[in-house]
Amino acid sequence: MGKSLERLSLTVLGACLVGMMFVIVVQVACSAFDLNPLVAFDRARSLVGGAITLNSLLDLQWHLLVITGLLPAGLVWMMDGHVRVDFLYQTFRPRRQARINLAGNLIFAAPFLALALPAAWNFTSRAWRSDEGSSNGGLADLWLIKAILPLGLALLAVAVLVECWRLLRAVR
């Protein structure tokens, strides 16, 4: 992956984090002053429905957290920034490290993704078909947010596949 694409991805994800913090501050302030709804619309809008409420802001916080936590997983994997037990691993030679990484990918990551991707797709499809929205005055069009799950897992699967290919070449 190009450095400029990595930088852009991290910048967008950083903006989502700043947005999440802003939403939290607005929600806390509006809650303190008992302001609800914050904005009402004459007709329903995409994602927010007929009004922006405290529940909308609460839902938005969780969705931005999911976006900033799941979407960068593949990028972090490609940058080799994921968690591992390094106190032993760092003493191994590169070829042995590659074997351990490949085994870990095949034993843990591949089966997880093989099970999680179809389930995530079904989860999102059900939300799309039912036009799911919050029943407590939160966000509407929850299928849009739920679509992040299969997207993030698919990006992670691509990263794992690319990494496995690289590791196969390294262990030869």
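Everything here concerns the structure above.
Our subject in this report is the structure included herewith. Keep in mind that what you see is a predicted model, and the values were worked out from it rather than measured.

Below, the discussion takes up helix H7 (residues 148-171). Given a rise of 1.5 Å per residue, 24 residues ought to cover 34 Å, and the 34 Å separating the end C-alpha atoms of H7 matches this to within 8%. On its buried side, H7 packs onto helix H2 (54-70), helix H3 (72-78), helix H5 (94-129) and helix H6 (142-146).

Here H5 is 36 residues long and its end C-alpha atoms lie 48 Å apart, about the 52 Å a rise of 1.5 Å per residue gives. Where H5 bends most, the angle comes to about 35°, and this point is Asn-105. Those residues of H5 lying buried are Gln-97, Ala-98, Asn-101, Leu-102, Asn-105, Ala-109, Leu-113, Ala-116, Ala-120, Thr-124, Ser-125 and Ala-127. The elements touched by buried residues of H5 are H3, helix H4 (86-89), H6 and H7. Where H5 ends, the next residue or the one after it, Asp-131, has phi of about 50°, a positive value.

For the rest of this paragraph, the subject is the packing of H2 against H7. Between H2 and H7, the least distance of the axes is 10 Å, while the angle of their chain directions is 10°. Classified by the angle between their axes, H2 and H7 sit roughly parallel to one another. Along the contact surface, H2 presents Val-66, Ile-67 and Leu-70, while H7 presents Ile-148, Leu-149 and Gly-152. Its residues placed into classes, the contact of H2 with H7 shows five nonpolar, one polar and no charged.

Quick notes on the rules
- All residue numbers refer to positions counted from 1 along the written sequence of the respective chain.
- Local features in a predicted model are, by the rule used here, given only for residues with pLDDT of at least 70; side-chain atom pairs are given and counted only at 80 or more, and totals for whole chains, interfaces and linings are based on all residues.
- In computing side-chain values, all of the structure's heavy atoms are included and hydrogens and water are not.
- Helix and strand assignments follow DSSP, with helices taken as H or I runs no shorter than four residues and strands as E runs no shorter than two, numbered in order from the N terminus.
- The span one expects for a helix is its residue count, reduced by one, times 1.5 Å.
- Any two residues having at least one pair of non-hydrogen atoms within 4.5 Å are treated as being in contact.
- The reported bend at a residue is simply the angle between two axes, fitted to the 7 residues ending at it and to the 7 residues beginning with it.
- Classification of residues uses two cut-offs on accessible area relative to the type maximum, computed with a 1.4 Å probe and protein chains only: under 20% is buried, over 50% is exposed, and between them is partly exposed.
- To get an axis, fit a line to the C-alpha atoms, keeping to the stretch in contact for a helix; angles then go from 0 to 180 degrees between the N-to-C directions.
- Orientation categories follow fixed angle ranges, with anything under 35 degrees roughly parallel, anything over 145 roughly antiparallel, 65 to 115 roughly perpendicular, and all other angles oblique.
- Gly falls in the polar group here, along with every residue not listed as nonpolar (Ala, Val, Leu, Ile, Met, Phe, Trp, Tyr, Cys, Pro) or charged (Asp, Glu, Lys, Arg).

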